[in-house]
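# Descriptive analysis of the structure
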Amino acid sequence: MSEAFRGLVRKEFIQVFRDRNMLRIVFAVPIIQLLLFGYVVKLEVKNIRTDVYDFDQTRLSREFVNSTSAGGYFLPTPAETPLLNLESSFQRGSRDMALIIPDGFGKELESRGNITIGLVADGSDANMTAIGTGYMTRMAQKYARDVVGMRMPLNVKYNVLYNPEAESVYFMVPGIVATLLTMVTMMLTAMAIVRERESGTLEQLLVTPISPYTLLAGKVFPFAILGLFEISLALVVGVLWFDIPFVGSPLLLFALSALYLLTTLGMGLFFSTVTSTQQQAMFFAWFFSVFAILTSGFFTPIFNMPQWLQYVTYINPMRFFMNIVRGIMMKGAGLMELLPDIYTLVIFGLVVFTFSAVRFSKRAS
Amino acid sequence: MSLVSVESLSKSYREIRAVDDFSFAVDQGEIYALVGPDGAGKTTIIRTLCGLINPDSGVAMIDGLDCQRKFESIKPILGYMPQVFSLYPDLTVTENLTFYGGIYGVVGEDYRTRVEYLYRFSNLKPFADRRAQALSGGMKQKLALSCALMHQPRILILDEPTTGVDPLSRRQFWEILLELKKQGVTIIVSTPYMDEVARSDRACFVFKGKKLAEGTPAALPGLFEGSLYFCDCRPTVQTLEALNQVSNVQARRFGGGIHVYLRKDVTLPDIATELTRAGFDTGGFRPIRPDLEDCFIQLMEES
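The written sequence of each chain sets the order in which its residues are numbered from 1. By the order in which they are written, chains take letters starting at A while ligands take numbers starting at 1. For a predicted model such as this one, the threshold for reporting local features is a pLDDT of at least 70, and the threshold for listing and counting side-chain atom pairs is 80 or more; totals across whole chains, interfaces and linings nevertheless cover every residue. With hydrogens and water set aside, each side-chain value is computed from the structure's full complement of heavy atoms.

## Observations regarding the packing of aromatic side chains
Aromatic rings considered in pairs are described by the distance between their centres and by the relative angle of their planes. All names here are of chain A. Under the convention used in this document: Note on aromatic contacts: the rings of Phe and Tyr and the six-membered ring of Trp form a pair at centre separations within 6.5 Å, being stacked when their planes are under 30 degrees apart, edge-to-face when over 60 apart, and tilted otherwise. What counts as a helix is a DSSP run of H or I of at least four residues, what counts as a strand is a run of E of at least two, and both are numbered from the N terminus. Buried, partly exposed and exposed residues are distinguished by accessible area as a fraction of the type maximum, computed with a 1.4 Å probe on protein chains only: under 20%, between the cut-offs, and over 50%, respectively. Note on criteria: charge over ring means Lys NZ or Arg CZ within 6 Å of the ring centre, with the direction from the centre no more than 35 degrees off the ring normal.
For the coordinates displayed, the defined rule picks out 28 aromatic pairs over all chains. When the ring of Phe37 is compared with that of Phe298, the centres are 5.7 Å apart and the planes differ by 40°; the resulting orientation is tilted. Note that Phe37 is positioned in helix H2 (residues 20–40) and Phe298 in the loop between helix H11 (278–294) and helix H12 (307–313), a separation of 261 residues in sequence. The same class applies to Phe37 and to Phe298, which are both buried. Members of the aromatic cluster, joined through ring pairs, are Phe270, Phe271, Phe283, Phe284, Phe288, Phe291 and Phe355. Positioned over the ring face of Tyr314 is Arg319, at 4.4 Å from the centre of the ring. Sitting above the plane of the Phe171 ring, Arg326 keeps its charged end 4.0 Å from the centroid.

Have a look at this one:
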């Protein structure tokens with residue numbers, strides 16, 4: 001029996017390494033995804049192109065404008081379009097914000113009077129608007145405090161843990177690890193089984209003395225190994241190339257990834273039992289992946305979602321794994337902290353895998 | 001007791017009766033051919049024997065074991081080659097053989113001697129490192145047969161192994177089957193080719209899920225009723241139509257001429273006047289012995 005299992009695993013690896021498309025999926029996809037998400041997806045906002053309408057033109061107003069460029073968040077330039085036309089530069093897409101400093105800004109500031117400055121933002125980029133207006137508010141308050149010595153009655157001293165610079169890539173790489181493991185193992189498993197059904201080799205195997213469970217193990221095991229290889233690759237690139245910190249225990253991450261694989265391989269197995277062509281299997285796996293990624297908290301925090309959708313996220317196993325990966329990598333969470341997520345994944349794994357395995361072996365005998 | 005027995009097997013797909021009350025038995029060491037056109041039900045019978053289909057009624061047994069309920073115990077003595085090429089096209093000849101070696105638990109020294117043996121009769125050794133997808137049709141079938149023989153099965157079930165294979169490779173393939181028979185392997189083979197029936201020990205004519213006739217290749221043509229003539233005339237549509245107008249006659253194009261069947265108890269002189277009236281010279285009709293195909297066609301038309 002173990003001889004049959006070894007034969008199946010060896011065969012599966014030969015097929016993966018001989019198929020160019022497979023190789024692309026296994027080697028190129030994780031690296032490209034990392035580079036794309038690492039460089040392109042920036043949730044932090046920098047270089048906000050800002051038109052400055054300075055109607056004050058005093059030393060203080062110029063100083064304030066200069067101070068906003070600190071940290072690289074704003075790129076203030078004197079406005080070229082008249083104030084009444086400021087929208088046209090938004091419409092052209094050449095500016096993101098406009099800062100309006102009223103006449104008397106310097107005088108009022110020196111006499112510690114009440115000052116209001118104006119900020120107009122291009123709301124078509126909601127993320128930039130929300131973050132940029134926040135930055136500007138803080139910068140104005142800081143300027144008032146530092147330069148003029150004006151005191152706010154209530155100040156917040158904050159301390160951001162785990163990712164003080166709010167680097168997107170620190171946040172993205174763990175997300176990619178979870179996504180890759182889900183997609184690769186689920187899709188490859190489903191497609192590899194359906195391919196055997198399409199080509200008639202599965203039927204040929206059913207006439208041999210191999211048991212459905214050996215067959216199942218032999219089909220699923222190679223993709224578990226590939227999945228763990230995928231996340232290793234993603235982690236190595238993340239740590240060496242993007243310098244992301246890895247605070248927790250890599251061993252724990254791999255152990256819990258193996259636990260999560262029970263669910264993803266089970267899903268792949270399930271898709272293989274409800275489809276008859278590789279395209280169908282791919283479509284199912286894609287559809288599920290999109291649902292899983294969107295409701296996992298990868299891009300948007302789950303608490304931002306409407307209540308009913310938050311309930312839906314509980315049927316998404318990736319949501320719990322996402323929490324585990326971020327917890328271990330960024331926060332150094334240990335077994336005890338992650339127990340609720342682990343319990344959930346154990347239940348998911350047992351239910352999904354057992355259900356699919358039974359379905360598969362029923363069809364196979 | 002027969003090694004393989006099928007009794008009153010029936011299987012329908014929707015309203016189509018693929019197999020209809022079908023029975024046959026195969027003895028140890030026989031080559032038994034299931035002959036019939038596409039869609040006759042051969043594949044359904046074979047897949048039932050291989051435990052892949054549950055029949056609506058009837059039983060299929062191999063070595064005294066029920067093919068549906070006790071199939072696990074049959075597997076070790078059974079080799080099966082399906083109609084479509086079902087090996088891994090992206091694996092080489094050797095890799096396919098090694099894979100099936102692993103599946104059947106044939107390893108180490110046993111595997112090496114077995115592969116040497118399989119290479120000897122298949123002549124595939126020079127192609128050992130070639131991928132299965134790059135093999136010719138005939139070589140593919142020989143590789144598939146080799147994989148099915150990996151565990152030295154006592155019974156071999158082949159579903160149209162020579163369909164789409166060139167005549168030379170077909171002959172070589174049958175030589176291998178005859179060699180296996182000498183070693184005591186029982187073979188059930190389906191085929192649409194009459195010349196292959198002649199090489200089997202017994203054959204069964206299958207049409208529309210029913211058994212038309214069964215017997216040795218020598219005895220089967222004897223089932224032909226009436227007499228058969230070869231008409232040495234150009235087989236045009238008009239000629240065939242004119243001949244079929246004559247009572248008690250059925251004409252069919254056959255190679256370069258026409259085969260003319262006369263119903264039982266009808267002789268050529270009986271229809272001579274009618275033939276002459278239709279414009280045929282009775283001197284152009286030569287009596288011939290019906291062969292397997294004539295017999296099959298007649299049985300098929302009567303059914």
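On we go from here.
## With respect to the sheet that holds strand E5 (residues 65–66) of chain B
All names here are of chain B. Cut-off, in case you're wondering: Each pair of strands is called paired provided DSSP finds at least two bridges between the two strands.
Here 4 strands make up an open sheet; going across it, the order is E2-E1-E4-E5 and the pairing antiparallel. Across the chains shown, the open sheet's two edge strands, defined by having one partner strand only, are strand E2 (16–26) and E5. Judged from the 5 bridges that link them, strand E1 (residues 4–13) and strand E4 (residues 57–62) form a sheet pairing that is antiparallel. Bridge pairing in E4 links Val6 to Ala60.

## Let's talk about the side chain of Thr208 of chain A
Selection rule: Pairs of N or O atoms are called polar contacts if they sit within 3.5 Å, as long as, within protein, a hydrogen donor faces a hydrogen acceptor (for residues adjacent in sequence, only side-chain-to-side-chain pairs). Any pair of residues with heavy atoms lying within 4.5 Å of one another is described as a contacting pair.
Position of Thr208 of chain A among the secondary structure elements: in the loop between helix H8 (201–206) and helix H9 (212–241). Among the polar contacts made by the side chain of Thr208 of chain A, one reaches the main-chain carbonyl oxygen of Leu205 of chain A at a distance of 2.5 Å. Apart from the residues within four sequence positions on either side, Thr208 of chain A is in contact with Lys75, Tyr100, Ile103 and Tyr104 of chain B.

## Here's the deal with the interface of chain A and chain B
Note the following rule: Put simply, buried area is the surface a 1.4 Å probe can reach on two separate parts but cannot reach once they are joined, added for both. A pairing counts as a salt bridge when a side-chain nitrogen of Lys or Arg comes within 4 Å of a carboxyl oxygen of Asp or Glu. For this classification, the nonpolar set comprises Ala, Val, Leu, Ile, Met, Phe, Trp, Tyr, Cys and Pro, the charged set comprises Asp, Glu, Lys and Arg, and every other residue, Gly included, is treated as polar.
At the junction of the two partners, chain A supplies 20 residues and chain B supplies 24 residues. For the pair chain A and chain B, the summed buried area comes to about 2200 Å², and 61% of that belongs to carbon and sulfur atoms. The three residues of chain A that bury the most area against chain B are Arg18, Gln204 and Val207 of chain A, which together make up 30% of that side's buried surface. Joining chain A to chain B, the criterion identifies 2 salt bridges. Residue Glu203 of chain A is joined to Arg47 of chain B by a salt bridge in which the shortest nitrogen-to-oxygen separation is 2.4 Å. Run the count over chain A and chain B and you get 10 residue pairs in polar contact (both at pLDDT 80 or more). When contributions to the side of chain A that touches chain B are tallied by element, the ones reaching two or more residues are helix H1 (2–18), helix H7 (168–199) and H8 of chain A. Broken down by element, the residue count for the side of chain A that touches chain B peaks at 8 residues, all from H1 of chain A. When the residues that make up the side of chain A that touches chain B are grouped by side-chain class, the tally is 8 nonpolar, 7 polar and 5 charged.

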